[in-house]
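Geometric and topological summary
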Amino acid sequence: FMLSYLYLFVFIEMAKVEILLLIPMLEHPQIADNRERIFAVSEFIAQAVAKEPNLLESLLQQDKLLESYAPKELEQRLQHRLAKVKDPQQLHTELRQFRNRLMVRIIWRDLTGLAPLEETLEDLSELADTCIIQALNLLYTWQTQNLGTPEDATGHPQKLIVIAMGKLGARELNVSSDVDLIFAYKTQGPLRTAANTYHKLDSSQFFQRLAQQLIDALHSISAEGFVFRVDTRLRPFGNSGALVCSLDTLETYYHTQAREWERYAMVKARPLTCDPESIEQINNIIRPFVYRRYLDFAAIDSLRDMKRLILKEVNRKGLEANIKLGPGGIREIEFIGQVFQIIRGGREPELQIRSLLAVLNLLDTKNILPTQVVQELTAAYRFLRLVENRLQAWRDQQTHVLPTDPDGQLRLAISMNYANWEQFSKELTRHRQTVQQHFAAIFATSQEDMQHNPYHKIWHGTLETAQAETILGNAGFATPTIILNKLMAFRKSSTYRNIGNRGRTCLDTLIPKLLETIVTDQLSDLVSDPDTLLERLLKLLETIARRTAYLSLLTENPGVLTQLVKLTAASSWVAERITRYPILLDELIDPRRLYVPLRHQDLLEELLSFLQAVDDEEQYMERLRQFAHSNRLRTAAADITKKIPVMKVSDYLTDLAEVILSSVLEQCWNYLTERHGSPSGIKGKDTGFAIIGYGKLGGIELGYGSDLDLVFLHDNQDRYGQTTGQKPIANDVFYTRLAQRIIHTLNTRTPSGILYEIDTRLRPNGNAGLLVSSLAAFVKYQASSAWIWEHQALLRARPIAGDPKVRSQFRAIRFQTLSPKQDAAYLRSEVQQMRDKMRKQLDRSSVDTFDLKQGIGGIADIEFIVQYQVLRCAYYHPNLLDWTDTIRWLETLAQHDMVSNEQAAVLADSYRMLRSAKHRLALQNKPGFVPNEQFQQERSQVQKIWQAIFDL
């Protein structure tokens, strides 16, 4: 009854009842069953059918009314229609007729449920794209015939660049949306006429006229209506700026004068009409403007400001019923998606996409937002976008305001498949309230009222000194007077005064929160010395004070602040790392990731992703260092919190070094081969080169600050050969440069420090030898010239990266060198003499302290005991040479009864305990010394085993 009433109301109001009654009802059930309802909820379709009674039948037969278009089909249809167009007036007519016909098709499919929301938005966007592109092509052709062809400085033709913004940029256009466009061209240049002369106009004037003609073709209203309303206010300087500008002007504007809100607008920017080279150039302009290389939490505050301005306007104009701008509307969902894109997009390029639904899906996949939140936001977005389309489908007008009259309300409810307004309104309210709740949770203000917070009062100096000191003392600070003085000195410092209003606002919120977090009961077991901890954190804040993105990160994320306090309380090494490289604060955002360090394969995949957008050597080196720092921090965090056993720490740090070395070798190889070609005799992916790890790297025993002992080998037999490129060099020179470049990449200091200190002195003949040895020379040296201590070093050597064939050959050489039968007495004497020499030179033990590595009964003694036994027994038990680490050697020696089970257990337990202590000291930035009374029993047991083996 209500539908019939509405149906009659609509047509009486239109005064077209007589005409409509004459329209024959099509027999197709999809038309017959839906026509009455569609006419009732879309006056636009009803009027179109009244004007052209056979329209639905024509659409059914010619325009696939009941089917989806194939890719490019709509483009081909318009192309066919415009094939005979001769002038702008005819173009205007054809475009409008085509647009109106297609809009009836799109709205019909939307209202009848034949097209899901995504298809409707895509069809509308494709219609706009097609009309813009094909209209521009014709207008450009006509204008070049009249004025000439615009050229760049090299004489190449130029075309107008159209950048789609907003919903068109994201290909999410709604039924009656504006199209937001920015116009540009490559560079200033002349106009070359057909007579091969130059026109008095230049390219900028040519494109100015062309852009205006395109706007007129789309935007002007005639008897047939319009094609799309065009909005160009998003261009540089808005309405006061030039309608069309060069790409250089565009770049200068976005890098020097653009406002913060324009970053969010440019998230959806999509080059629509230009060549691949220009697309890349535009993306290179937009990307660094929109996406920072760090996690940009200052974006939250910027979006808050934008939302406040919108809300102010909504309240001023009474737009609470606006489903786009009002509370819980479409814009709030867009802000949620965009804020995470802006925050993380620079570090996670996958988020540099335009579709909001795709962004929301990624936020779920990447665990940035809980699945339930994403599902609710997605459902609300779909519902609100349908409501938006149904509102606009009524009269093809750009409106977002819910109707207030009963007939309009009933019409909207029916269009959304609800029986009445009450049912529809209830569901709409539920979605909007859900959006509001999630928006409020994500954008909760960081400037909450803290007037009653005692630490807020202390920081702002509104308490008497004695009262402030009492509060600090009761909270657990051992020296409240000193702490208060440090806080006041920080507040009066030039750092605080000179960081600007935004930075000071962040600090005014952050420091009271920091004090509160330090003394919270939840962290009382971890924070044993709040005074030292606050000193570390104030030093960090002083370092990052001018970088408001980091202050915002700490202010906006209580979880990050908690992790920072926890880790810096446990480790001065962590505090020093984060202070030196604040980008590591990003790693504190997700505790699930922070405390789960990665092994080899996962590290490799993460590194490949990390380097995805890198396009130059300097950026490569910087990103590699950031990758190393972040993964060392994750290992340290897991170590500090005992998520991993101490003996596994070295495994993670060694995996990290191996992945980095493999990447560096590949990068350096590519760099040199691009310039000089490959060494002669090399086939396919072979390089004939390998990196061998010695020492702690070879023995899988790296610590947090360990350097890398490296040896470089090659197996190129073409002694006098050269590389195959246009600038050839000798093969041996190539390999030397390769090794030098690897070292340079690893130990050059960039803003993010160095990757590793490199030591190459373990190569044949030490510093006097060649930086890169051939395998043949290496074999000869090991067989005839190497000392026993060099064979000890070779025990812990293993191939890390490079040509699999060279790596395999090295393993064979190592086995061949170390497996022959030894003179036990000579071997014992040499090992003992070397240990005595090392102890005299390196042992820093004193009356009060014990050197964990070099002291008597320490780490080095255990290593020498084990290495001696392996060299002595390898002839009898070759599987000893399968390993390069102390613990597995001990296990294998015990299996073969080369040491007793008791001796193996004592040495292994002592080794773990001493290395664990050394790790702990490293995390406190302390040298490897402990009070002399520590580990007395372990040291004594190691000495007894030493005497039993060496003092025969």
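For the structure given in this document, a descriptive report is provided here. (Residues numbered from 1 in each chain as written. Predicted model: local features only at pLDDT ≥ 70, side-chain atom pairs only at ≥ 80, totals over all residues. Heavy atoms only, no water.)

1. A few points about the packing of aromatic side chains
- If you walk through the whole model with that rule in mind, you get 22 aromatic pairs.
- Where Y140 meets F206, the ring centres are 5.9 Å apart and the plane angle is 85°; that geometry is what we call edge-to-face. Of the two residues, Y140 sits in helix 9 (residues 117-147) while F206 sits in helix 11 (residues 203-219), which places them 66 residues apart along the sequence.
- By relative accessible area, F206 is classed as buried at 0%. (Phe/Tyr/Trp six-rings, centres within 6.5 Å; stacked < 30°, edge-to-face > 60°. Helix = DSSP H or I, 4+ residues; strand = E, 2+ residues; numbered from the N terminus. Buried < 20%, exposed > 50% of the residue type's maximum accessible area, 1.4 Å probe, protein only.)

2. Overview of the pairing of strand 2 (residues 161-165)
- Most of strand 2 is tucked away: five of the five residues are buried.
- Alternating positions in strand 2 separate into two faces, I161, I163 and M165 on one and V162 and A164 on the other, with burial throughout.
- Sheet topology places strand 2 next to strand 3 (residues 179-185); five bridges connect them, and they run antiparallel. Note that in strand 3 the partner of I163 across the bridge is I182.
- As judged from the three bridges shared by strand 2 and strand 8 (residues 270-273), these two strands associate in the antiparallel manner. Of the residues in strand 8, the one forming a bridge with A164 is R270. (Pairing = 2+ DSSP bridges.)

3. Quick notes on the nonpolar core
- In this structure, L487, L541, I660, F712, L738, I742 and L746 are the most contacted members of the largest nonpolar core, which totals 106 residues.
- With 13 residues, the top contributor of residues to this core is helix 33 (residues 646-676).
- Contact partners of L487, with chain neighbours within four places excluded, come to I458, W459, I511, L515, L534 and L538.
- Of all hydrophobic cores here, the second largest spans 69 residues; its members include L55, W108, L111 and L168. (Core = buried A, V, L, I, M, F, W, Y, C linked by side-chain atoms within 4.5 Å. Contact = heavy atoms within 4.5 Å.)

4. Thoughts on the side chain of D63
- With respect to the helices and strands, the residue D63 is situated in the loop between helix 6 (55-62) and helix 7 (73-81).
- A polar atom in the side chain of D63 sits 2.7 Å from the side chain of R101.
- Here D63 is in contact with S58, Y69, R77, R101 and R105, once residues within four sequence places are set aside. (Polar contact = N/O pair within 3.5 Å; in protein donor to acceptor, adjacent residues only side chain to side chain.)

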